Amino acid sequence: YNASFCSLMVLINRELESNESEFHPITFENELILEAGNYIEDHLHERLSVDDIAKHVSLSASRLHHVFKYETGISILKYINKKRLAKAKELLKTGDAIINIYHKCGFQDYTSFFRAFKKEYNITPKEFQNKYFEAIKNGFFEEKNKVD
């Protein structure tokens, strides 16, 4: 499901970036990017290198950089970082300790995680977690979770 959603988002992003109204068929490069995306998703918790991803999809690292940027509109490193931050955001909602979360998302240290999270979401991880649980406490999510 996640892979299909990612592929749809890649195609939509490419369409928006190109400002063209014509349909872009699935190409060999699209399939490689989808495979790279699946590999990234499966290995977010690990130290990921572009060389490892490139090897997995049978491309050179420079070719992968070029194709990924062309197909998605963002660099592969930015994509990895965004995926890690989105995963961290979801894990923060579980109430798990932040030290466990940033390790599960593949960040090597708290400082780099903190800076990236703050830059992406304009809030610190702890502030996000506190605001999320405060909203639950105040019944903000009550209607969604209510069973009739």
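Please refer to the structure higher up on the page.
Quick summary incoming for the structure in this document.

The rules we used
Residues numbered from 1 in each chain as written. Predicted model: local features only at pLDDT ≥ 70, side-chain atom pairs only at ≥ 80, totals over all residues. Heavy atoms only, no water. Phe/Tyr/Trp six-rings, centres within 6.5 Å; stacked < 30°, edge-to-face > 60°. Helix = DSSP H or I, 4+ residues; strand = E, 2+ residues; numbered from the N terminus. Buried < 20%, exposed > 50% of the residue type's maximum accessible area, 1.4 Å probe, protein only. Core = buried A, V, L, I, M, F, W, Y, C linked by side-chain atoms within 4.5 Å. Contact = heavy atoms within 4.5 Å.

## Regarding the packing of aromatic side chains
At step 1: Under the definition given, this model contains eleven aromatic pairs.
At step 2: On the numbers, 5.8 Å between centres and 45° between planes, the contact of Tyr110 with Phe114 is tilted. Of this pair, Tyr110 and Phe114 both sit in helix 7 (residues 110-121), four residues apart, which is roughly one turn of that helix.
At step 3: Judged by relative accessible area, Tyr110 falls into the partly exposed class, the value being 35%.
At step 4: Consider the rings of Phe128 and Tyr132, whose centres lie 6.5 Å apart with planes at 15°: the pair is stacked. Of this pair, Phe128 and Tyr132 are both found in helix 8 (residues 125-137), four residues apart, which corresponds to roughly one turn of the helix. Across the pair, Tyr132 and Phe128 agree in class, each one buried.
At step 5: Through a chain of ring-to-ring contacts, three or more aromatic side chains come together here, namely Tyr102, Phe107, Tyr110, Phe113, Phe114, Phe117, Tyr121, Phe128, Tyr132 and Phe133.

## A word on the nonpolar core
At step 1: Grouped together as the largest cluster of nonpolar side chains are 19 residues, with contacts concentrated most on Ile40, Leu48, Ile53, Leu64, Ile76 and Ile80.
At step 2: Only helix 2 (28-42), helix 3 (50-56), helix 4 (61-72) and helix 5 (76-92) provide two or more residues apiece to this core.
At step 3: Tallying contributions element by element places helix 2 first for this core, with five residues.
At step 4: Setting aside chain neighbours within four positions, we find Ile76 in contact with Ile40, Val50, Ile53, Leu64, His65 and Phe68.
At step 5: Within the second largest apolar cluster, 14 residues are counted, among which are Leu85, Leu91, Tyr102 and Cys105.

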